[in-house]
Amino acid sequence: MDAVAKGDCGDKGTWGYRDYGDTEMPRGQETATLRTKPEYEDRSTPGILAQRGGHTRTTGTVNRGDVGTGPPEDGDRGSTSTAGPERTWGHRDTRGPARRRRPERGEAAGPPPSPTGSPKSSGTDFGLARRLLGFELRDLTRWHRFVRLLHRPQDPAALGAFRAAFGLLMALDVPQERGLGHLDQRYLDGLDVCRFPLLPFLQPLPLDWMYLLYTIMFLGALGIMLGCCYRLSCVAFLCPYWYLLLLDKTSWNNHSYLYGLLGFQLALLGADRYGSVDGLFRPRKRNAHVPLWNYTLLRAQVFIVYFIAGLKKLDADWVEGFSMGTLARHWLFAPFRLVLSEELTSRLVVHGGGLVLDLSAGFLLFFDATRPLALVFVTYFHCMNSQLFSIGMFSYTMLATNGLFCHPEWPRRLLSRCPLWLQGWLPSTKPPQPSPDCHYRGSGAQGGLQLRQHLAAAFTILYVLEQLFLPYSHFITQGYNNWTNGLYGYSWDMMVHSRFHQHVKITYRDGLTGEVGYLKPGAFTQSRRWRDHADMLKQYSACLSQLLPRYNVSQPQIYFDVWVSINERFQQRLVDPRVDLVRAPWSPWTPTPWLLPLLVDLSPWRQRLQELEAQLDGHTDTVFIADFPGLHLENFVSEDLGNTSLRVLRGKVLVELVEQQQNYSLQEGEGMQLPAGQYHKVHTVSPEPSCYMYLYVNTTALELERNLTRLRELRERVRNGTEQSPLPPELRPLLGEPPPTGVPLDPVVSLFLRREQREQRREQESSLAQRLRRFLRRKFFLFRRSALMTLIALRNLALGRPSPERLAQEVAFASWRGEEEARPETNSGAQRGPEL
């Protein structure tokens with residue numbers, strides 16, 4: 001028994017780890033052992049439900065309930081515990097004849113041993129299921145067995161490590177992606193801003209109170225990290241977090257939604273039982289077991305994130321390589337481009353690799369044999385994502401979830417390797433103590449289960465089913481469906497759709513006078529997400545109808561003309577530009593009638609569009625347009641675009657030159673030159689949608705590049721002595737000399753010198769040390785401003801606001817970003833050129 005109590009069981013058998021869930025408490029000690037040091041340490045490695053158990057061998061006399069699967073319960077056939085190796089029914093013990101324990105009263109006798117010594121088929125099934133899944137299939141056949149399974153005792157170490165990591169990452173997230181660093185710019189009092197809450201009655205608090213709300217959320221994240229006042233900290237973090245998330249739909253994304261879910265789950269779990277401040281003051285909670293459902297809930301959530309994201313990537317656009325077509329050009333994929341072309345890198349590595357990893361990551365993390373491989377690929381995947389996208393703490397949060405799939409005691413093992421003098425300041429490395437929240441075999445089959453354990457099992461099932469259903473629930477909330485289903489943020493369709501907006505026009509009409517005017521796209525807003533969602537366009541138009549009367553526009557009518565390309569398709573309209581959205585109907589439960597459909601029939605054109613673009617030279621750009629019958633595009637050709645033409649690819653259009661009052665009819669394959677500096681309209685007159693393309697050359701930019709090239713060549717000739725004629729005074733700054741007095745600096749020369757200076761600075765700061773320095777400097781001033789602005793707001797709430805002059809000085813001090821960024825860029829001395 002001493003060897004067992006110390007965690008040394010000799011031969012660890014097949015898997016090398018004991019399963020505490022198969023350990024029975026000795027009779028009469030169920031209550032007592034809850035207050036004493038546990039006799040066994042849980043070294044199982046749960047998958048989503050449980051981990052694979054192993055055969056355990058002990059020496060000496062072993063009492064019933066010490067090691068083994070315990071007595072059969074409710075007629076279940078189980079193994080018996082004797083001295084020597086653990087015996088499971090159906091597996092032969094070659095060291096001698098098996099001794100059978102006499103069944104107790106009310107207990108079904110086990111089956112006789114097989115005469116041939118071969119395992120029974122059912123025993124083999126139980127063993128295989130246990131090795132693969134961590135539990136036997138019979139644990140799912142009855143409700144009370146399933147409840148016992150979910151309440152098997154587990155080591156709390158991995159759960160405590162994730163809690164600490166999650167709290168730290170959320171504390172770092174508050175000043176950054178949650179927006180504490182620029183909160184005054186978003187919620188300044190009296191600011192005329194159109195907001196997009198999910199629930200119409202949600203409104204932001206006054207600015208100083210918003211800072212207080214963020215302070216509570218930040219302190220809640222710190223409390224979660226430390227495990228201090230744990231439940232209260234979870235509530236303090238979750239309430240402000242979900243309020244801010246629901247307050248602004250434009251900030252929704254999948255990882256922000258995931259943070260809220262993980263925080264909600266942690267509030268229900270016993271994640272404060274290891275490495276927490278609460279454990280220092282509550283001995284019964286310190287280093288106590290947690291039930292298996294605590295791990296099951298988090299693992300299931302992470303599995304759903306990976307797997308549903310993989311299912312969403314089975315979309316044809318992703319499989320064909322159109323979702324992230326330009327991502328392969330990033331420097332992170334340079335090693336792949338050494339052996340593959342850019343196109344193959346995009347299709348095989350970016351799209352194919354992302355699809356395979358998302359579909360398989362959850363399964364690979366589940367099994368012991370494949371987990372090391374999964375950890376390597378998942379870690380590499382998230383490290384790449386942290387450099388590819390601006391996704392805040394998401395990559396690091398997903399890296400922190402990797403530890404949930406490993407052996408639950410891995411933090412304990414890691415800390416046990418630290419020096420003895422340091423272990424006194426670290427979380428305990430001793431085996432965990434029993435917990436009343438767990439179910440031990442000795443507590444009975446059904447009588448030992450409490451009501452809260454049944455409720456916990458039911459909640460686990462309902463939560464997992466809800467998370468599986470929600471990504472496909474868009475048939476209910478049809479009003480939020482656009483070209484893609486639902487609001488972006490809870491469907492796990494990460495990076496599946498990329499958009500490019502070519503043209504956005506907002507037209508208003510005075511309802512009384514009929515006067516027509518135009519608004520700058522994005523007026524009175526702080527985001528551009530509204531361009532892609534019909535519900536936000538409806539909210540935006542309602543907000544504009546309330547703001548425009550202040551500018552002498554009575555009963556305004558609002559019309560949107562939004563052109564967008566999704567996954568490299570044609571640019572096309574999102575909504576009908578003839579519909580006044582102020583009075584247009586919209587409901588979250590019915591399809592939006594004024595939303596135009598995506599022209600999926602034109603999707604096969606994407607390959608041809610890529611071929612057409614490949615035929616162009618480096619100075620010519622193109623835009624591909626698709627429009628609906630009966631509609632027209634009004635466009636203006638800038639004077640900088642001196643060579644602009646239109647060519648019809650499909651259908652029939654009528655080109656109207658507004659100033660010249662001339663019309664030109666064009667069919668498939670025909671084209672025409674468009675005058676610069678004038679408006680024109682392209683009407684679709686064919687019964688089917690028309691497709692056409694603009695070809696244009698920015699003559700101003702082309703001429704500028706030619707001039708810069710001439711200046712560069714001239715300077716090289718002067719430096720190597722091949723240029724004999726003297727430079728004119730306005731070109732002397734090319735050699736680092738100041739311009740003569742009274743001679744203005746040529747604008748082209750000024751631009752040339754600024755480019756040269758920028759390239760030199762980029763070369764100097766391209767080292768890893770310089771990039772790290774800039775990163776740390778940027779984060780330091782962000783956190784500095786967050787802290788100072790928060791202190792100013794809390795002072796205002798406690799003592800009142802000072803004078804506007806004093807407040808402006810305090811805000812300026814908080815916004816200071818250092819001497820290097822505060823002073824203007826100057827060039828002093830003849831060698832560095834004139835001041836620019």
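Residues numbered from 1 in each chain as written. Predicted model: local features only at pLDDT ≥ 70, side-chain atom pairs only at ≥ 80, totals over all residues. Heavy atoms only, no water.

Q: Looking at this structure, how should I read the overall build of the protein chain?
A: From N to C terminus, the protein chain includes 25 helices and 16 strands. Expressed as a percentage of its 836 residues, the buried residues of the protein chain come to 48%. Summed over its atoms, the accessible surface of the protein chain is roughly 41200 Å², and 58% of this surface lies on carbon and sulfur atoms. (Helix = DSSP H or I, 4+ residues; strand = E, 2+ residues; numbered from the N terminus. Buried < 20%, exposed > 50% of the residue type's maximum accessible area, 1.4 Å probe, protein only. Areas by Shrake-Rupley, 256 points an atom, 1.4 Å probe, with all protein chains shown as cover.)

Q: Help me out: how do you make sense of the sheet that holds strand 10 (residues 632-636) in this one?
A: Strands belonging to one sheet form pairs held by backbone hydrogen bonds; the direction of such a pair is parallel or antiparallel. With respect to topology, 4 strands assemble into an open sheet ordered 10-15-12-13, the strand pairing being antiparallel. Edge positions in the sheet fall to strand 10 and strand 13 (662-667), since each of these pairs with one other strand and no more. Taken over all neighbouring pairs, the strand axes of this sheet differ in orientation by 20° on average, direction set aside. Inspection of the sheet shows strand 12 (residues 652-657) paired to strand 13 by 6 bridges, in the antiparallel sense. Within the sheet, the bridge partner assigned to L654 lies in strand 13 and is S665. (Pairing = 2+ DSSP bridges. Axes fitted to C-alpha atoms, helices over the stretch in contact; angles between N-to-C directions.)

Q: What is the right way to read the sheet that holds strand 7 (residues 557-566) from this model?
A: Ordered in space as 6-5-7-8, the 4 strands form an open sheet in which the pairing is antiparallel. What marks the edges here is a single partner per strand, and that holds for strand 6 (516-519) and strand 8 (572-573). The sheet contact formed by strand 5 (residues 499-509) and strand 7 spans 10 bridges and is antiparallel. Looking at strand 7, one finds that Y508 is bridged to I558. The sheet contacts of helix 19 (residues 534-547) involve strand 5, strand 6 and strand 7, and relative to strand 7 the element is tilted by about 150°. (Contact = heavy atoms within 4.5 Å.)

Q: Quick question: what am I supposed to make of the packing of helix 23 (residues 768-799) against helix 24 (residues 804-814) here?
A: Helix-helix packing is characterised by the crossing angle of the two axes and by the distance between the axes. With their axes 8 Å apart at the nearest point, helix 23 and helix 24 run at an angle of 155° to one another. Taken together, the axes of helix 23 and helix 24 lie roughly antiparallel to each other. For the pair helix 23 and helix 24, the contacting residues are R784, R785, L788, M789, I792, R795 and N796 in the first and L807, E810, V811, F813 and A814 in the second. Split by residue class, the contact of helix 23 with helix 24 holds 7 nonpolar, 1 polar and 4 charged. (Parallel < 35°, antiparallel > 145°, perpendicular 65-115°, else oblique. Nonpolar A, V, L, I, M, F, W, Y, C, P; charged D, E, K, R; others polar.)

Q: Is there a simple way to think about helix 10 (residues 292-312) in this case?
A: Structurally, the α-helix is built with 3.6 residues per turn, so residues lying three or four positions apart point the same way. When the terminal C-alpha atoms of helix 10 are compared, their 30 Å separation across 21 residues agrees well with the 30 Å that a helix rising 1.5 Å per residue should span. Counting buried positions along helix 10 gives 19 out of 21 residues, so the element sits mostly inside the fold. (Expected span 1.5 Å × (residues − 1).)

Q: Sorry if this is basic, but what is going on with the pairing of strand 5 here?
A: Both faces of the sheet carry side chains from a regular strand, because those side chains alternate between them. In this structure, strand 5 lies alongside strand 6, joined through 4 bridges in antiparallel fashion. Bridge pairing links R509 to V516 in strand 6. Taking the residues between adjacent antiparallel strands as the criterion, strand 5 and strand 6 are bridged by 6 residues, where G514 takes a positive phi near 80°.

Q: What exactly am I supposed to notice about the packing of aromatic side chains here?
A: For any pair of aromatic rings, the description rests on two quantities: the centre-to-centre distance and the angle between the ring planes. Applying the stated criterion across every chain, the model contains 29 aromatic pairs. For the ring pair Y480 and W586, a centre distance of 5.5 Å and an interplane angle of 80° mean the geometry is edge-to-face. Taken together, the positions of Y480 in the loop between helix 18 (451-469) and strand 5 and W586 in the loop between strand 8 and helix 20 (605-614) put the pair 106 residues apart, joining distant regions of the chain. Overall, Y480 belongs to the buried group, its relative accessible area being 11%. (Phe/Tyr/Trp six-rings, centres within 6.5 Å; stacked < 30°, edge-to-face > 60°.)

Q: What am I meant to see in the environment of V516 here?
A: Position of V516 among the secondary structure elements: in strand 6. Looking at V516, the relative accessible area reads 40%, which means it is partly exposed. Contact partners of V516, with chain neighbours within four places excluded, come to T507, Y508 and R509.

Q: Sorry if this is basic, but what is going on with unusual backbone geometry here?
A: For residues besides glycine, phi is generally negative; the peptide bonds are generally trans as well. The phi dihedral of F524 is positive, around 65°, even though this residue is not glycine. Residue placement: F524 occurs in the loop between strand 6 and helix 19.

Q: Can you walk me through a nonpolar patch on the surface in this structure?
A: On the surface, a cluster of nonpolar side chains totalling about 460 Å² of accessible area is made up of W143, I461, L462, L465 and L468. Element by element, the count of residues in the nonpolar patch is highest for helix 18, at 4 residues. For W143, the location among the structural elements is in helix 3 (residues 143-150). Overall, the relative accessible area of 39% leaves W143 in the partly exposed class. (Patch = residues over 30% accessible without salt bridge, like charges linked within 9 Å, V, L, I, M, F, W, Y side chains within 5 Å. Salt bridge = Lys/Arg side-chain N within 4 Å of Asp/Glu carboxyl O.)

Q: Please clarify how the confidence of the model for the protein chain should be interpreted in this entry.
A: For residues with low pLDDT, the predicted coordinates do not support detailed interpretation. Mean pLDDT over the protein chain stands at 82; residues scoring 70 or higher make up 81%. Considering only residues more than four positions removed or in separate chains, one finds that residues 50-123, a stretch of pLDDT under 50, has 146 contacts. This stretch, residues 822-836, has a pLDDT under 50; its non-local contacts, to residues over four places away or in other chains, come to 24 contacts. (pLDDT = per-residue confidence, 0-100.)

Q: Is there a simple way to explain the pairing of strand 11 (residues 643-650) in this structure?
A: Across 7 bridges, the pairing between strand 11 and strand 16 (residues 690-697) is antiparallel. Paired with V648 across the two strands is Y692, which belongs to strand 16. Bridge analysis of strand 11 against strand 14 (residues 671-674) gives 4 bridges, and the strand direction is antiparallel. Residue pairing across strands places T644 opposite L674, the latter belonging to strand 14.

Q: Would you mind going over the side chain of D139 with me for this structure?
A: Structurally, D139 is set in the loop between helix 2 (121-133) and helix 3. Beyond its immediate chain neighbours, meaning those up to four positions away, D139 contacts R145, F146, L149 and R152.

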